[in-house]
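Here's the letter readout for the chains.
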Amino acid sequence: MSPLTDDKPHGAVELSIGGMTCASCANRIERKLNKLEGVTATVNYATEKAKVTFPEGVDPQELIATVESAGYTAELPKPPQAEGEQQEPEDELRPLRNRLVTSLVLAVPVIAMAMIPPLQFTNWQWLSLTLAAPVVVYAGWPFHKAAWTNLRHGAATMDTLVSIGTLAAFAWSLWALFFGTAGTPGMTHPFEFTIARTDGSGNIYLEAAAGVTAFILAGRYFEARSKRKAGSALRALLELGAKDVELADGRRIPTDQLKVGDRFVVRPGEKIATDGVVDEGTSAVDASMLTGESVPVEVRPGDAVTGATVNAGGRLIVRATRVGSDTQLAQMAKLVEDAQTGKAEVQRLADRISGIFVPIVIALAIGTLGFWLGTGGGAGAAFTAAVAVLIIACPCALGLATPTALLVGTGRGAQLGILIKGPEVLESTRKIDTVVLDKTGTVTEGKMTLTGVHLAEGEEREEVLRLAGALEHASEHPIAQAIARAADSEATVEDFANVEGLGVQGIVDGHAVLVGRPRLLAEWSQHLPEELTEALEREQAAGRTAVAVGWDGKARAVLVVADVVKSTSKEAIQQLRALGLTPVLLTGDNEKVARSVAAEVGIDEVIAEVLPADKVDVVKRLQAEGKSVAMVGDGVNDAAALAQADLGLAMGTGTDAAIEASDLTLVRGDLRVAADAIRLSRRTLATIKGNLFWAFAYNVAALPLAALGLLNPMIAGAAMAFSSVFVVTNSLRLRGFK
């Protein structure tokens, strides 16, 4: 435990909480923790985690003691163990499954006998008691235990309702069997949904007690399963990584023992163990499992590679640059988990309501009982109505409405390469009306590419590229590198020289070659023919970069280099417009280049020649005009603007600074994912709202019916369990988001 207090003067810890059964439990733990001085805590019922930040001098053990004093268990995070992680959830579900199976097997005959008069043989009521007792006592034990714990702390939760409702129904049945007339041989129950006013001594409610227990356990079981399914996106991310790695010196070690600077071998077909830079070898790397990008990326010495991607080609030696929790994979997993542990505005509302709801319902049940007794309705009818109120009110659906939708939505996002930082992000996506797009690296590829070759009469393209490419290969300039990449020439270069501000020169295969501005060629009396001069001026007018090539006393060609628009950008802009957003192109590049890119993808509004520091001001200005602004960027220079925007979307191919400052990270460098991200966020939010409406409307509508004695406890329990199952299945629909 000590490391937590040692390395963080202001600590933050994530506790695993046990024993929570509904949203009001989470609510209560949260209140207890927040009462400690300087401590801020958010407890998420769905993930069963508490995120706690605490001041210097507070021992995490104190936090655990506080949670335990509230009647729950808490433990510090265990060191990550992939195998252990898979075992745990299975064990968690087994006791619940056993109770559920027991309750279903025993409750079904009890319900059948109570509801189907032909099955009511002589003394059937005593068989009902024999079958119902284990259901109420053993299968319902988690509810009774939780209710007792809550009672000791002067609190009431959903479990209090379930426990009181089922025990009351069971106790009344015992009284009617032993002291009333229900135990006499030949007693029958007519099958009816409405409640007639009787004295109740001839009625038993064993089917209500057993049925409600079984229904609610079923709801809890499916909920626990859906929580596991939703958490699987995170587990899947963590399990993507390689388990062990071979170092360059031949030793094999577990991946978690790798240190920054270690050199390791990646053979064809193996996973790259951690983020690093290629030292030796060339290959293609398949990053599809991490980014969804289907085409393998070519890498050579000096290129960065990401852990968990697969080496599809040759043998590589990689030098580790980030290990453990610093790797892109670990940071992605952390983002997903943070998103799932946060709380949206809508969820805070649900938590507050469930805290007040339970005492009100208990008061209403007592009021109902008193009213029926006072108006001469008879103890049986009074009691039945009160039990129905207790059971119908149990708003488990309310506790599930937000967390399940959030878990499934953020998990689905992670599979699609969309990382949602937190639930509050979902709320900002609803209001967005303007999307500001950084040009370089977002709308365009962000690196120079050879886009055209104009030849003088009689020249051959291959020869021009062979000689120019070989010469440019020796230069570090981005334009030179673009030409070298396109040419991929093997020719040898001698006497290479860089002519400051003009270009490069050297001897390639016996030819004296010049590549650069027309002025460099003119100094060697190599003047561009008229058609090449026209081509050069035309390309420059369109905002592209053109360089001249000449050798052996003659100008031979003009090469055109530009930062090309990504193939998917035009479609992405159409999708953003379809979502009702106005796109704006923002760039530090010159107006001419910006306009040509905007025209190519279909953006009308362009803000060009903006200094990095001024990008924030552009966002602020748009906000001042009353617009709700989303910003999409990828560079360090976009970080401040991403943080300022109402919604920041960072390209996962961009810099760490941009990713840190954003609300949503798009793992692939594909702008279409921005439209998907906004659609997914809006869909998740709509699901949450649908869930909440259903949970509330259902409880509010059913309570008066129960109080008036129009719902028997059986139907109340079935309807209540159905509302929970509805909320979970409605949330799971998000898994099908395309």
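Residues numbered from 1 in each chain as written. Predicted model: local features only at pLDDT ≥ 70, side-chain atom pairs only at ≥ 80, totals over all residues. Heavy atoms only, no water.

- Going by the annotation in an unreviewed UniProt entry, the name recorded for the protein chain is Cation-transporting P-type ATPase B, with Nonomuraea dietziae given as the source organism.
- We quote the UniProt Sequence similarities (unreviewed entry) comment for the protein chain here in full: "Belongs to the cation transport ATPase (P-type) (TC 3.A.3) family. Type IB subfamily."
- Turning to the protein chain, the UniProt annotation filed under Subcellular location (unreviewed entry) states: "Cell membrane". (UniProt positions renumbered as here; feature names shortened; annotations may be inferred.)

**Focus on the environment of Val597**
Next, step 1: Secondary-structure assignment places Val597 in helix α21 (residues 591-601).
Next, step 2: Overall, Val597 belongs to the buried group, its relative accessible area being 5%.
Next, step 3: A sequence separation of 154 residues divides Val597 from Val443, and the C-alpha atoms of the two residues are 8.3 Å apart.
Next, step 4: Ignoring anything within four residues of it in the chain, the contact list for Val597 reads Lys439, Val443, Thr444, Val565 and Leu585. (Helix = DSSP H or I, 4+ residues; strand = E, 2+ residues; numbered from the N terminus. Buried < 20%, exposed > 50% of the residue type's maximum accessible area, 1.4 Å probe, protein only. Contact = heavy atoms within 4.5 Å.)

**Digging into helix α16 (residues 461-473)**
Next, step 1: Compared with the 18 Å implied by 1.5 Å per residue over 13 residues, the 17 Å span of α16 between its first and last C-alpha is a close match.
Next, step 2: When we look at burial in α16, the residues that qualify are Val464, Leu465, Leu467, Ala468, Gly469, Ala470, Leu471 and Glu472. (Expected span 1.5 Å × (residues − 1).)

**Quick look at the packing of α16 against helix α17 (residues 478-487)**
Next, step 1: Running from amino to carboxyl end, α16 crosses α17 at an angle of 130°, the nearest separation of the two axes being 8 Å. Taken together, α16 and α17 sit at an angle that is classed as oblique. For the pair α16 and α17, the sense of crossing is left-handed. Every residue of α17 that contacts α16 at Leu465, Ala468, Gly469, Glu472 and His473 is listed here: Ala480, Gln481, Ile483, Ala484 and Ala487.
Next, step 2: A class-by-class count of the residues in the contact of α16 with α17 yields six nonpolar, three polar and one charged. (Axes fitted to C-alpha atoms, helices over the stretch in contact; angles between N-to-C directions. Parallel < 35°, antiparallel > 145°, perpendicular 65-115°, else oblique. Left-handed = near helix turned anticlockwise from the far one by under 90°. Nonpolar A, V, L, I, M, F, W, Y, C, P; charged D, E, K, R; others polar.)

**Section: the nonpolar core**
Proteins that are soluble and globular tend to have nonpolar side chains buried together.
Next, step 1: Residues Leu437, Leu585, Leu647, Leu649, Leu664 and Leu671 are the most contacted members of the largest nonpolar core, which totals 48 residues.
Next, step 2: No other element matches helix α25 (residues 672-707), which puts nine residues into this core. (Core = buried A, V, L, I, M, F, W, Y, C linked by side-chain atoms within 4.5 Å.)

**Observations concerning the UniProt feature "transmembrane region" (unreviewed entry) in the protein chain**
Next, step 1: UniProt's entry tags residues 100-118, 124-141, 161-184, 204-222, 353-373, 379-402, 691-708 and 714-732 with the feature "transmembrane region" (unreviewed entry), counted in the numbering of this structure.
Next, step 2: Annotation note: span residues 100-118, helix share 84%, strand share 0%, distance between end C-alpha atoms 28 Å.
Next, step 3: The span residues 691-708 carries 94% helix and 0% strand; its end-to-end C-alpha distance comes to 27 Å.

**A short note on the sheet that holds strand β6 (residues 252-254)**
Next, step 1: Taken together, six strands build an open sheet; the order of strands is β6-β5-β7-β13-β8-β11 and the sheet is antiparallel. A strand with exactly one partner marks an edge of an open sheet, and here the two such strands are β6 and β11 (304-305).
Next, step 2: Bridge analysis of strand β8 (residues 275-280) against strand β13 (residues 316-322) gives five bridges, and the strand direction is antiparallel. When the bridges of β13 are listed, Val278 appears paired with Val318. (Pairing = 2+ DSSP bridges.)

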